[in-house]
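Structure at a glance
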Amino acid sequence: MSTFRLSRRTALFAGASLPFAAALPPMAHAAAEMKGSALPLFNRFKLGDFEVTALLAGTRTTEKPQETFGLDATPEDFAALAAANFLPADKTQNFFTPTLINTGSELVLFDTGLAPEGITAALAAAGYSPDQVDVVVLTHMHGDHIGGLSGEAGPTFAKARYVTGSVEHNHWSGAANEGFDGKVKPLNDKMTMLEGGGTVAPGITALEAFGHSPGHMAYMIESGGQRLAITADTVNHYVFSMQRPDWEVRFDMDKAAGAATRKTLLGMLAADRIPFIGYHMPFPALGFVEAQAEGFRFVPVSYQMLLNG
Ligand SMILES: [Zn+2]
């Protein structure tokens, strides 16, 4: 603390003396290079005896968000909700956030991003190598969740076993889907299926969250009396789909079921004040849910999780 005080006082003194430093030539330094926008690649916190690391496997800007998050909204209503939340109506930023949980005995990864490069870079930034991952949980089989499973170098997580919902796996097994057939099918002999209520490991329980895809699963994480939900793609925009959960979402394969699941799960998180990581939320993708007269409000976590020790 004393070092900080000393250096701060020194800095203040130096600043105060500047006007009298007439010998300083103007433009003494070359301009620093522009670095470009940047985000951290991981965010880690404790949850009971577990460690939870949110991993930023990618982010990109997309156009025309109404065509994804407000299919049945009027352009006026969509623009008004965007403006009320200080967002543009013509662009959005999408994030891809796998979550890694260290239970103390296993490293459990939820989803894998679009391609191996993103998830392995984020893992490396957080201090892990892909072959340390013991379990990969697939919440559902869309390409931005299974894409990191393998690449030209083969399977990304060489020593992992895999877990997914049986309804989801059964659907895609019969769908002649290129992504599933290329990324998931080769791992079938290492795959364990579960149903809603099934456990990946002690403290990690599957919740049926069908609608976004036929067997889409969310997960409840519980350790030492603390809880966190991994909501995956139950809700994919922190404003449009939370404040207007009934608005139709392009990627919800069953739109009515997607909306119903969204309201049920968000209602539960709001009532029980449980924080959640949402796969496509603004990084670090971690927030609470406040119920409002119409829909819900995303309350980003600030320092609450750091108080967990
Ligand atoms: Zn997704």
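Throughout this document, residue positions are counted from 1 along each chain, in the order its sequence is written. Confidence filtering applies because this is a predicted model: local features only for residues at pLDDT of at least 70, side-chain atom pairs given and counted only at 80 or more, and all residues used for totals across whole chains, interfaces and linings. Computation of side-chain values: all heavy atoms of the structure, hydrogens and water removed.

**Section: the overall build of the protein**
Counting from the N terminus, the helices are the DSSP runs of H or I reaching at least four residues and the strands are the DSSP runs of E reaching at least two. Summing up its helical and strand segments, the protein has nine helices and 18 strands in all. Taking all 309 residues of the protein together, the buried fraction comes to 45%. Considering only intrachain contacts with a sequence separation of at least 6, the fraction spanning at least 24 residues in the protein is 69%. Accessible surface is estimated by sampling points in the Shrake-Rupley manner with a 1.4 Å probe; for residues, cover comes only from the protein chains shown. Of the roughly 15400 Å² that the protein leaves accessible, carbon and sulfur atoms contribute 57%. Taking the average place of the 22 positive charges on the side chains of the protein and the average place of its 31 negative ones, the gap between the two points comes to 10 Å. Per-residue accessibility, obtained with a 1.4 Å probe over protein chains only, is compared with the maximum for each type, and a residue is labelled buried under 20%, exposed over 50%, and partly exposed between these values. Note on contacts: a residue pair qualifies if any of its non-hydrogen atoms lie within 4.5 Å across the two residues. We count Lys and Arg on the positive side and Asp and Glu on the negative side, and we leave His and both chain ends out. In plain terms, the charge of a residue is placed at NZ if it is Lys, CZ if Arg, CG if Asp and CD if Glu.

**Points about the sheet that holds strand E12 (residues 199-201)**
If you trace the seven strands from one edge of the open sheet to the other, you get E12-E13-E14-E15-E16-E17-E18, paired in mixed fashion. Looking at which strands have only one partner, the edges of the open sheet turn out to be E12 and strand E18 (296-300). Sheet twist, expressed as the average angle between the axes of neighbouring strands with direction ignored, equals 35 degrees. The sheet contact formed by E12 and strand E13 (residues 204-208) spans two bridges and is antiparallel. Strand pairing follows a simple DSSP-based rule, namely that at least 2 bridges must link the two strands. Axis lines are fitted to C-alpha atoms, over the contacting stretch for helices. Their N-to-C directions set the angle, which ranges from 0 to 180 degrees.

**Structural notes on empty space enclosed by the protein**
Over the atoms a probe the size of a water molecule is rolled, and this reveals where empty space is left. Cavities and pockets are found on a 1 Å grid laid over the protein atoms alone: a cavity is a set of points where a 1.4 Å probe fits but cannot escape, a pocket is an open set with protein on both sides within 12 Å along at least five of seven lines, and a lining residue has an atom within 4 Å of such a point. Grid points are joined across faces, edges and corners, and a volume is the space filled by probe spheres set on the points. For the structure shown, the criterion picks out two cavities of 30 Å³ or more. Computed from the structure, the largest cavity encloses a volume of approximately 40 Å³. Looking at the lining of the largest cavity, the elements that each hand over two or more residues are strand E15 (226-232) and strand E16 (276-278). Its residues assigned to classes, the lining of the largest cavity comprises six nonpolar, three polar and one charged. Space inside the second largest cavity adds up to approximately 30 Å³. Lining the second largest cavity, in full, are Ala209, Phe210, His212, His216, Asp233, Thr234, Asp252, Gly258, Thr261 and Arg262. Grouping the amino acids of the lining of the second largest cavity by side-chain chemistry returns two nonpolar, five polar and three charged. Note that Gly is not counted as nonpolar here; it falls among the polar residues with everything else outside the nonpolar set of Ala, Val, Leu, Ile, Met, Phe, Trp, Tyr, Cys and Pro and the charged set of Asp, Glu, Lys and Arg.

**Describing the side chain of Thr97**
You can see Thr97 is positioned in the loop between strand E4 (91-96) and strand E5 (99-102). In this structure, Thr97 is in contact with Ala54, Leu55, Leu56, Tyr279, Met281, Phe283 and Ala285, ignoring residues within four places of it in sequence.

**Section: the environment of Ala121**
Relative to the assigned elements, Ala121 resides in helix H4 (residues 116-126). Accessibility expressed as a relative area gives 37% for Ala121, which makes it partly exposed. For the pair Ala121 and Leu41, spaced 80 residues apart in sequence, the C-alpha to C-alpha distance is 8.0 Å.

**Digging into the coordination of the zinc ion**
Protein coordination of the zinc ion is provided by Asp144 (OD), His145 (NE2), Asp233 (OD) and His280 (NE2), with donor distances spanning 2.1 to 2.2 Å. Taken together, the four donor atoms coordinating the zinc ion and their angles of 85 to 170 degrees define a geometry best described as irregular. All donors of the zinc ion belong to a single chain; written as a sequence motif, their spacing is D-H-x87-D-x46-H. Note that Asp144 is positioned in helix H5 (residues 143-146) and Asp233 in the loop between E15 and helix H8 (240-243), a separation of 89 residues in sequence. Asp233 carries the same exposure label as Asp144, and that label is buried. Because no water is among the atoms considered, metal sites can look incomplete, with donors defined as N, O and S atoms within 2.8 Å of the metal, or 3.2 Å for Na, K and Ca. Irregular is the default label, applied whenever a site is not tetrahedral (four donors, all angles between 85 and 135 degrees) and neither square planar nor octahedral (four or six donors, opposite donors over 155 degrees apart, all other angles between 65 and 115).

**Quick notes on the confidence of the model for the protein**
Looking at the protein as a whole, the pLDDT averages 93, with 91% of positions reaching at least 70. The pLDDT value tells you how sure the predictor is about a given residue, anywhere from 0 up to 100. Taken element by element, the predicted model of the protein shows its lowest mean pLDDT in helix H1 (residues 2-17) (44) and its highest in strand E6 (residues 107-110) (99). The model gives residues 1-18 a pLDDT under 50, and that stretch makes one contact with residues more than four places away or in other chains.

**Remarks on the packing of aromatic side chains**
Only centres within 6.5 Å qualify two rings of Phe, Tyr or Trp (six-membered ring in Trp) as a pair; their planes then separate them into stacked at under 30 degrees, edge-to-face at over 60, and tilted for everything else. Applying the stated rule across the entire model yields seven aromatic pairs. Taken together, a centroid distance of 4.3 Å and an interplanar angle of 25 degrees make the contact between Phe78 and Phe240 stacked. Of the two residues, Phe78 sits in helix H3 (residues 75-84) while Phe240 sits in helix H8, which places them 162 residues apart along the sequence. Assessed through its relative accessible area of 1%, Phe240 is described here as buried. Relative to Phe298, the ring of Tyr238 lies with its centre 5.9 Å away and its plane at 65 degrees, an arrangement referred to as edge-to-face. One end of the pair, Tyr238, is in the loop between E15 and H8; the other, Phe298, is in strand E18, and 60 residues separate them in sequence. Residue classification places Tyr238 among the partly exposed positions, given a relative accessible area of 25%. What makes Phe298 buried here is its relative accessible area of 7%. Grouping aromatic residues by their ring pairs yields a cluster made of Phe69, Phe78, Phe240 and Trp247.

**Digging into the pattern of salt bridges**
Definition used for salt bridges: Asp or Glu carboxyl oxygen within 4 Å of a side-chain nitrogen of Lys or Arg. The final tally for this structure, using the stated rule, is six salt bridges. A salt bridge links Asp246 to Lys263; the nearest nitrogen and oxygen atoms lie 2.7 Å apart. Placement of the pair is Asp246 in the loop between H8 and helix H9 (255-272) and Lys263 in helix H9, with a sequence separation of 17 residues. Residue classification places Lys263 among the partly exposed residues on the basis of a relative accessible area of 36%.

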